[in-house]
Amino acid sequence: MINLGVNIDHIATIRQARGTTYPDPVDAVAVCLAAGAGSITAHLREDRRHIQDHDIERLAAIPGLHLNMEMGANEEIIAICERLKPAACCLVPEKREELTTEGGLDVVSHQSRLADVVARLTAVGVRVSMFIDPVPAQIRASQEIGAPVIELHTGHYANYKGEQQVHELNTLRDGAKMAGEIGLIVHAGHGLTIENTPAICAIPEIEELNIGHAIIADGLFKGLSQAVMDFKTVMGR
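Keep in mind it's a predicted model, so treat the numbers as computed, not measured.

A. Seen up close, the pattern of salt bridges. A complete count under the given rule lists 12 salt bridges for this structure. Among the charged side chains, a salt-bridge network with shared partners connects Arg15, Asp24, Asp55 and Arg58.

Rendered as structure tokens:
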């Protein structure tokens with residue numbers, strides 16, 4: 001089975017909409033793990049639109065939790081990651097005006113800066129992943145800066161239909177194959193749903209999917225536990 005990392009950001013989005021203390025995203029951890037998730041993802045954005053500092057601190061303090069901290073290469077956030085030492089982090093691009101992450105990180109154009117970030121986080125025991133589009137130059141650059149993992153951006157695949165979607169799927173297949181051949185661990189995520197996930201799971205190099213919005217949305221109607229279990233069911237190879 002491919003590992004499922006559940007992104008709990010949008011539980012915090014609901015909380016922040018009313019400025020209350022509930023729903024608490026940390027309460028979702030035990031539910032997700034019991035339902036078959038192998039890890040938890042949370043994105044501490046520079047603008048703090050959903051996950052807050054006290055959320056990531058409590059998540060990092062849970063014994064044995066494989067926490068994947070999504071983050072931009074922002075000095076303040078890097079320092080928090082260095083201090084909390086989550087099991088893993090995924091470096092993503094951030095723009096304040098975006099609704100959600102719109103594409104992959106441009107590793108090629110920021111290779112020197114990102115190499116420094118990877119070195120700093122690796123030094124404190126954090127496994128670093130680069131969230132990138134399935135572009136050969138970005139895959140090579142990720143390896144060159146010392147990142148052991150890439151997470152392929154599946155948003156374009158998820159948004160397209162018909163021949164365009166098939167093209168994006170083939171591009172993801174080619175990118176995953178190339179990454180595997182040069183020794184990178186391959187993850188994938190963004191925009192995945194129950195309907196479009198199976199084709200991604202058929203790509204042999206992919207070891208983990210990180211899914212948030214669809215799981216939280218499904219959970220509104222059938223419960224979070226069932227939503228996680230349903231994704232695990234369609235993720236079987």
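B. Seen up close, unusual backbone geometry. Tyr22 connects to Pro23 through a cis peptide bond whose omega is -5 degrees. Of note, Pro23 is situated in the loop between α1 (9–18) and α2 (28–34). The phi dihedral of Arg48 is positive, around 55 degrees, even though this residue is not glycine. Mapped onto the elements, Arg48 comes out in the loop between β2 (39–43) and α3 (53–60). We classify Arg48 as buried; its relative accessible area is 15%. Phi at Lys85 takes a positive value of approximately 55 degrees, unusual for a residue other than glycine.

What counts, and at which threshold
- Residues numbered from 1 in each chain as written.
- Predicted model: local features only at pLDDT ≥ 70, side-chain atom pairs only at ≥ 80, totals over all residues.
- Heavy atoms only, no water.
- Salt bridge = Lys/Arg side-chain N within 4 Å of Asp/Glu carboxyl O.
- Helix = DSSP H or I, 4+ residues; strand = E, 2+ residues; numbered from the N terminus.
- Buried < 20%, exposed > 50% of the residue type's maximum accessible area, 1.4 Å probe, protein only.

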